[in-house]
Amino acid sequence: MIDSNKSVRALLLLSGGLDSQLAACLMRDQGIEIQAVVFTSPFFDGVPALEAARELEIPIEVVDFTSRMVHALETCPAFDEPSSEICIACHREMLKCAAEQMVDFNCQFIVTGEVLNQRIPTQSQQTLDDVDHYAESSGLIVRPLSAQELPETLPEKNGWVDRSRLLGLEGPGRKDQISHADRFHLRDYPEPANPCRLTDPAFAVRLKDLRAHEGLQGQRSLALLRLGRHFRLGPVTKLIVARDEGENLELQGHAELYELLLQPTKTSGPVGMVPIIATDDQLKAAASVCARYCNVPDGDSVAIRIRSSHGAREVDVMPADQKQIDLIRI
């Protein structure tokens, strides 16, 4: 039992969404002091959480989760199930990281905005139990939105949290959450969306390809997964082709000394990027792929400028046909 003269503090995993904001409100409504934390990586920047913390006037700490996330992804056995296994692996690692930091933040337990069975299987009772066990924090994770549908936690048993004032939400839908948002005067919360790109099956295919070839240790390589169209030219040679002018500018801004930029010179079209180790044959293939997305009449060749920090040259190529594109696109 905690000393009655000592304030109770909870470490809140804040995503910035409505559910995690409600979790914060439900805890503060009982006089519990909140310390928020947001885990960032190349796949989620934490901006919604920072904005929510500012609106709620609660302190928040940004924790770079990249190395822990990479460990979770490298050891995840079921990469072909991105919407469940990858999500669960990362969430387990987040809860474990939070559990390890409770002492540093002077907190007695952890709070999340999870709702039982909101997403299956990632928020099923079995998964919640497995996550708690992995984090070595069983009994110390309070989920205020579904607490009355879940086993009693240690903070409830110890009288730190009044279970009767928590909620019993279950399943998908946001009608009840919106009702409670009005109760707490929450107005500025985002529409529901996938919390991170790892839940997108198409994105997970790119991640799986990166893990199989270049590996997941490069933070920059992870960040580039969100940009453009990706094509596998060789075991450690990948082409990224921008999809719009915004991505053209991003790829140009991301290019470094050990990369080559490809760009049409006489027509509009996308920027491409390949590693400087690309062979001549791979460069010609990359130029043909870039030409495929240029605005030229059928049968015309395309002039592509290949530029590096050491200079530039130009090649004339025919656009790749759809069969070639399909064979190498990730």
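Preceding this paragraph is the structure being described.
As the structure is a prediction and not an experimental result, all values here were calculated from the model.

On the surface, a cluster of negative charge is contributed by E51, E55, E57 and D188. For D188, a relative accessible area of 55% puts it in the exposed group.

The subject of this paragraph is unusual backbone geometry. The omega angle of the peptide bond from I120 to P121 is 5°, so this bond is cis rather than trans. Looking at where P121 falls in the secondary structure, it is placed in the loop between β4 (109-111) and α5 (125-134). Of note in this structure, N117 is not a glycine but carries a positive phi near 60°. With respect to the secondary-structure elements, N117 resides in the loop between β4 and α5. On the accessibility criterion, N117 (22% relative accessible area) is partly exposed. A positive phi is found at H185, a non-glycine position, where the angle reads about 60°. The exposure class of H185 is exposed, given its relative accessible area of 63%.

Examined against the element boundaries, T66 turns out to sit in helix α3 (residues 66-75). The exposure class of T66 is buried, given its relative accessible area of 7%. Side-chain polar atoms of T66 contact the side chain of D64, separated by 2.7 Å. Residues in contact with T66, not counting those within four places in the same chain, are T40, S41, P42, Q219 and L222.

This part covers the pattern of salt bridges. A complete count under the given rule lists 16 salt bridges for this structure. With a shortest N-O distance of 3.0 Å, E93 and R68 are connected by a salt bridge. Taken together, the residues span a long stretch of sequence, with E93 in helix α4 (residues 82-101) and R68 in helix α3 at a distance of 25 residues. Ionic pairing is found between R243 and E247, a salt bridge with its closest N-O pair at 2.7 Å.

Rules used in this analysis
- Residues numbered from 1 in each chain as written.
- Predicted model: local features only at pLDDT ≥ 70, side-chain atom pairs only at ≥ 80, totals over all residues.
- Heavy atoms only, no water.
- Patch = residues over 30% accessible without salt bridge, like charges linked within 9 Å, V, L, I, M, F, W, Y side chains within 5 Å.
- Areas by Shrake-Rupley, 256 points an atom, 1.4 Å probe, with all protein chains shown as cover.
- Salt bridge = Lys/Arg side-chain N within 4 Å of Asp/Glu carboxyl O.
- Lys, Arg positive; Asp, Glu negative; His and termini not counted.
- Charge placed at Lys NZ, Arg CZ, Asp CG, Glu CD.
- Buried < 20%, exposed > 50% of the residue type's maximum accessible area, 1.4 Å probe, protein only.
- Helix = DSSP H or I, 4+ residues; strand = E, 2+ residues; numbered from the N terminus.
- Polar contact = N/O pair within 3.5 Å; in protein donor to acceptor, adjacent residues only side chain to side chain.
- Contact = heavy atoms within 4.5 Å.

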